[in-house]
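Here is what each chain is made of, one letter per residue.
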Amino acid sequence: MRGLHADTGYLLYRLGLRSGQLFNACLQESGLRLRHYAVLRFLATADGALQRELSARLGYDPSAIVGLVDDLEKLGFAERRPSPDDRRSRIVVLTENGRGFLRDTDEAGLRVTGELLGPLEPAERETLHALLLRIAEDGLN
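Below you will find a few notes about this structure. (Residues numbered from 1 in each chain as written. Predicted model: local features only at pLDDT ≥ 70, side-chain atom pairs only at ≥ 80, totals over all residues. Heavy atoms only, no water.)

## A look at the environment of leucine 58
Here is the rule: Only runs of H or I of at least four residues qualify as helices and only runs of E of at least two qualify as strands under DSSP, and these elements are numbered from the N terminus. Pairs of residues are marked as contacts when any of their non-hydrogen atoms sit within 4.5 Å.
Relative to the elements of secondary structure, leucine 58 occurs in helix H3 (residues 51-58). Along the chain, leucine 58 and glutamate 79 lie 21 residues apart, while their C-alpha atoms are 18 Å from each other. In this structure, leucine 58 is in contact with Ala38, Val39 and Phe42, ignoring residues within four places of it in sequence.

## Side note on the sheet that holds strand E3 (residues 90-94)
Note the cut-off: In this description, strands pair whenever DSSP reports at least two bridges between them. Note on method: axes are straight lines fitted to C-alpha atoms, helices fitted across the in-contact stretch only, with angles between N-to-C directions ranging 0 to 180 degrees.
Read from one edge to the other, the open sheet built from three strands follows the order E1-E3-E2, with strand pairing classed as antiparallel. The open sheet has two edge strands, strand E1 (49-50) and strand E2 (78-82), and neither has a second partner. Against the sheet, helix H4 (residues 62-74) touches E2 and E3, its axis set at about 110 degrees to E2.

## Digging into the side chain of threonine 95
The condition that has to hold: Exposure is judged per residue with a 1.4 Å probe applied to protein chains only, and the accessible area is read against the type maximum: over 50% gives exposed, under 20% gives buried, and values in between give partly exposed.
Here threonine 95 lies in the loop between E3 and helix H5 (96-116). Among the residues examined, threonine 95 registers a relative accessible area of 14% and is labelled buried. Once residues lying within four places of it in the same chain are set aside, the contact partners of threonine 95 are Gly76, Phe77, Ala78 and Glu79.

## Focus on H4
What counts is decided by this rule: Working rule for helices: expected span equals 1.5 Å times residues minus one. The directions from the helix axis to the C-beta atoms form the arc being described.
Helix length check: H4, at 13 residues, gives a terminal C-alpha distance of 19 Å against a target of 18 Å (1.5 Å per residue), a fit within 8%. Residues Ile65, Leu68, Val69 and Leu72 constitute the buried set of H4. End-on, the buried residues of H4 take up no more than an arc of 100 degrees, which puts them together on one face. Residues Ser63 and Lys74 are exposed on H4 and point more than 90 degrees away from its buried face. Structurally, H4 contributes buried residues whose contacts are with helix H2 (34-44), H3, E2 and E3. Where H4 terminates, the next one or two residues include glycine 76, which has phi positive at roughly 80 degrees.

## Concerning the environment of alanine 64
Among the structural elements, alanine 64 can be located in helix H4. For the pair alanine 64 and asparagine 97, spaced 33 residues apart in sequence, the C-alpha separation works out to 22 Å.

## Here we look at the pattern of salt bridges
Defined as follows: When a carboxyl oxygen of Asp or Glu lies within 4 Å of a side-chain nitrogen of Lys or Arg, that pair is called a salt bridge.
Counted by the stated rule, this structure contains eight salt bridges. Several salt bridges share partner residues, and in doing so they unite Asp70, Glu73 and Arg80 into one network.

Encoded structure:
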């Protein structure tokens with residue numbers, strides 16, 4: 001019988017949990033969580049997105065997206081606007097306050113990644129990132 005640490009899927013799961021814990025600890029003061037941060041990061045790369053698109057792209061339940069966007073709107077980090085393509089739909093867009101928050105948290109994100117990947121050499125970190133990106137592009141799109 002194989003041990004848990006012989007299972008790559010389990011190791012990825014555990015590292016994902018640890019990464020989330022570390023990042024949530026950095027975000028704790030702001031009142032946001034990693035899920036909020038993911039929405040903001042996605043919006044930073046788009047000119048806005050329908051909530052159903054956020055749900056599909058981030059892999060979150062649609063009802064969770066509603067709550068996350070509500071939270072971000074209350075903080076002034078995102079806002080819902082009428083969709084130019086369908087006036088019945090609303091798109092979620094990042095505000096200037098949201099962009100500022102992302103800039104302010106960039107360093108914290110790098111510290112978390114640095115802590116998590118501390119045992120690796122810089123070249124190993126690059127290789128790991130490239131491999132994870134390849135898996136993510138194939139399996140998460």
